[in-house]
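# Coordinate inspection notes
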Amino acid sequence: ATADGLHVITGGEDETVKVCSLATGDEVRVLTGHTAAVRSVAVTPDGRHAVTGGDDGVYVWDLSTGDRLRSLTGHTAAVWAVAVTPDGHIATGSADRTLRVWPRLGDDGASIAAFTPDVAVYCCAANSARLLCADASGRLHILQFAPTD
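Summary of the structure given here. (Residues numbered from 1 in each chain as written. Predicted model: local features only at pLDDT ≥ 70, side-chain atom pairs only at ≥ 80, totals over all residues. Heavy atoms only, no water.)

Note that Phe-115 resides in strand β11 (residues 113–115). For Phe-115, a relative accessible area of 24% translates into the label partly exposed. Here the alpha-carbon distance between Phe-115 and Leu-99, two residues 16 residues apart in the chain, equals 5.1 Å. Other than its neighbours up to four places away in sequence, Phe-115 contacts Arg-97, Thr-98, Leu-99, Cys-133, His-141 and Leu-143. (Helix = DSSP H or I, 4+ residues; strand = E, 2+ residues; numbered from the N terminus. Buried < 20%, exposed > 50% of the residue type's maximum accessible area, 1.4 Å probe, protein only. Contact = heavy atoms within 4.5 Å.)

In structure tokens:
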């Protein structure tokens, strides 16, 4: 859900990202640009942007306009997990067996750190000090997070 609690953002097999009103359930906006299924969605703490991961990569969106702002490149397989830290860093987990960390809003489109477990990363969560990721074997990895940018 967005920070104001007014909207929920979803992604799906239809290759779209939908912004829906929590009060009515109505679609407010449909974001198009993915070319494959959307597997994960996270909203920035200020509620202005969404980050989506899918079978075709990672994208950052402006929720007020619906514009896709940038693609984050580096994963070589489907992205199943997306999280955003309180200061806007992005964490993504993939079937390529990596958890990647990106600068605030993915500003330059390149990851600044990567962690590689033995198997695919299915989910991740982040706060200002730690990144958590769960992998396909059921293990939970807790990583210290100290961004320098």
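With that settled, consider the pairing of strand β7 (residues 68–72). Summarising the sheet, strand β6 (residues 57–62) and β7 pair through four bridges and their orientation is antiparallel. Along β7, the bridge assignment pairs Val-60 with Arg-70. Turn length for the β6-β7 hairpin, with the two strands adjacent in sequence and antiparallel, is five residues, and the turn residue Gly-66 shows positive phi of about 85 degrees. (Pairing = 2+ DSSP bridges.)

For Thr-52, the position within the fold is in strand β5 (residues 49–54). Judged by relative accessible area, Thr-52 falls into the buried class, the value being 0%. Non-local contacts of Thr-52, meaning those with residues more than four positions away in its chain, are made with Val-17, His-34, Val-38, Ser-40, Val-41, Gly-57, Val-58, Tyr-59, Trp-61 and Val-82.

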